[in-house]
Amino acid sequence: MARIELKNVRKSYGAIDVIKGVNLDIRSGEFMVFVGPSGCGKSTLLRLISGLEDITSGDMLFDGERVNHLAPSKRGIAMVFQSYALYPHMNVYDNMAFGMKLANTTPDDIRVRVEKAARMLQIAHLLDRLPKQLSGGQRQRVAIGRAIVRDPRVFLFDEPLSNLDAALRVQTRLEIAKLHHDMNKATMIYVTHDQVEAMTLADRICVLRDGLVEQVGTPAELYESPNSVFVAGFIGSPKMNFLTGKLAEQFNCTTLGIRSEHLSIDNTNPVWQGEVVHYENLGSDNYIFVDIGSEEPMIVREDGTVTMDIGTRVGIRPQEHNLHRFDANGKPIKR
């Protein structure tokens, strides 16, 4: 485990600033997830932590030790990439053992650590197979196992599940969460664009925007108390409904936000009225898209027993204590 501190860290490629002064404290044993839109700098920040990229300015500390110019091999990190990066001519055992062999670890110690990691990831029966004989999910578990056996201070994951289908993503996500628990909460930093991965895995989430930290907090804090319109719209699926113009002015704000589960169809005492333009039945939940004259249809979540026809005229009522009001700068207005 390691505590990682980033102090005004910047990264530039020539005249292009990618990381523009990040200050962040990642606690020892924490599972930190970086999220943000494409090009926001989350993968670059991960590479700076790993040492695969040099910091332009600022300081990075591992347990209080400045590591700016320390080689990746000296930082005690292990990285799992989006691509599995397995050696095709080596079986699973040798792929997992390769790094330890380079470090002159004894064969007995290698065997103990590889077999322990394989049992943890439920791939012990695959140790004699070549990568081409494995499924995508199995290959990713081998890549994770290769990181585990090194017993690193910090695990870095760069969108490790993006190549997997939906079912395998769920299964492997659960395995990563269990891994964090089983390894006495080793420090893990995880980059993803997937909302569900971020919300379910993270102890805290760091939302990045244009090379800067927009907000850091627990999944619940970011979901319930976003500190900007950007975070409110980025965290959560479906995204928060936003109203502007006269629809927001009646609530004394520039932008009004309300999540779909905090709206209900109410034809008796509605706040807004509109026409159903789309309807999605997801089994346990239904999402009703209603055009009330805003820039985008409002999304109302109802339970799976509610049915709705396109073109139906409906009223909508929000839970007023769950409204989010933002000023002209996109910052929350205190209630």
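Here's what I pulled together on the structure shown here. (Residues numbered from 1 in each chain as written. Predicted model: local features only at pLDDT ≥ 70, side-chain atom pairs only at ≥ 80, totals over all residues. Heavy atoms only, no water.)

To continue, consider the environment of Pro152. Mapped onto the elements of the fold, Pro152 is located in the loop between helix 4 (136-148) and strand 7 (154-158). In this structure the C-alpha to C-alpha distance between Pro152 and Ile176, which are 24 residues apart in sequence, comes to 15 Å. (Helix = DSSP H or I, 4+ residues; strand = E, 2+ residues; numbered from the N terminus.)

Before going further, it helps to spend a moment on the packing of helix 2 (residues 92-102) against helix 3 (residues 107-120). Put simply, helix 2 and helix 3 touch, their axes get as near as 10 Å, and they point 135° apart. Looking at the two axes, helix 2 sits oblique to helix 3. Helix 3 is crossed by helix 2, and the crossing has right-handed handedness. Here helix 2 contributes Tyr93, Met96, Ala97, Met100 and Lys101 to the contact with helix 3, which in turn contributes Pro107, Ile110, Arg111, Arg113, Val114, Ala117 and Ala118. Partitioning the contact of helix 2 with helix 3 into residue classes produces nine nonpolar, no polar and three charged. (Axes fitted to C-alpha atoms, helices over the stretch in contact; angles between N-to-C directions. Parallel < 35°, antiparallel > 145°, perpendicular 65-115°, else oblique. Left-handed = near helix turned anticlockwise from the far one by under 90°. Contact = heavy atoms within 4.5 Å. Nonpolar A, V, L, I, M, F, W, Y, C, P; charged D, E, K, R; others polar.)

Time to look at the pairing of strand 12 (residues 255-258). It is a general feature of regular strands that their side chains alternate between the two faces of the sheet. Neither face of strand 12 is exposed, since Thr255 and Gly257 on one face and Leu256 and Ile258 on the opposite face are all buried. Where strand 11 (residues 241-243) lies against strand 12, three bridges are found, and the strand directions are antiparallel. Residue pairing for strand 12: Asn241 is matched across the bridge by Ile258. (Buried < 20%, exposed > 50% of the residue type's maximum accessible area, 1.4 Å probe, protein only. Pairing = 2+ DSSP bridges.)

Tallying each qualifying case throughout the model produces 16 salt bridges. As a salt-bridge pair, Lys101 and Asp94 come within 3.3 Å of each other at their nearest N and O atoms. Among the residues examined, Lys101 registers a relative accessible area of 41% and is labelled partly exposed. A relative accessible area of 25% means that Asp94 is categorised as partly exposed. Where Asp109 meets Arg113, a salt bridge forms, and the shortest distance between an N and an O atom there is 3.1 Å. (Salt bridge = Lys/Arg side-chain N within 4 Å of Asp/Glu carboxyl O.)

Another point: the packing of aromatic side chains. Counting across every chain of the model gives six aromatic pairs. Both rings, one in Phe155 and one in Phe157, keep their centres 6.3 Å apart while their planes meet at 15°; by these two values the pair is stacked. Exposure remark for Phe157: the relative accessible area of 0% places this residue in the buried category. For the ring pair Phe157 and Tyr190, a centre distance of 5.6 Å and an interplane angle of 40° mean the geometry is tilted. On the criterion of sequence distance, the pair formed by Phe157 in strand 7 and Tyr190 in strand 8 (residues 187-191) is long-range, its members being 33 residues apart. Among the aromatic residues, those joined into a ring-pair cluster are Phe31, Phe155, Phe157 and Tyr190. Over the face of the ring belonging to Tyr13 we find Lys11, whose NZ or CZ atom lies 4.9 Å from the ring centre. (Phe/Tyr/Trp six-rings, centres within 6.5 Å; stacked < 30°, edge-to-face > 60°. Lys NZ or Arg CZ within 6 Å of the ring centre and 35° of its normal.)

Here three bridges tie strand 13 (residues 263-265) to strand 17 (residues 313-318), and the two strands are oriented antiparallel to one another. In the sheet register, Ile265 faces strand 17, and the bridge partner there is Ile316. Where strand 14 (residues 272-281) lies against strand 17, four bridges are found, and the strand directions are antiparallel. Within the sheet, the bridge partner assigned to Gly274 lies in strand 17 and is Val314.

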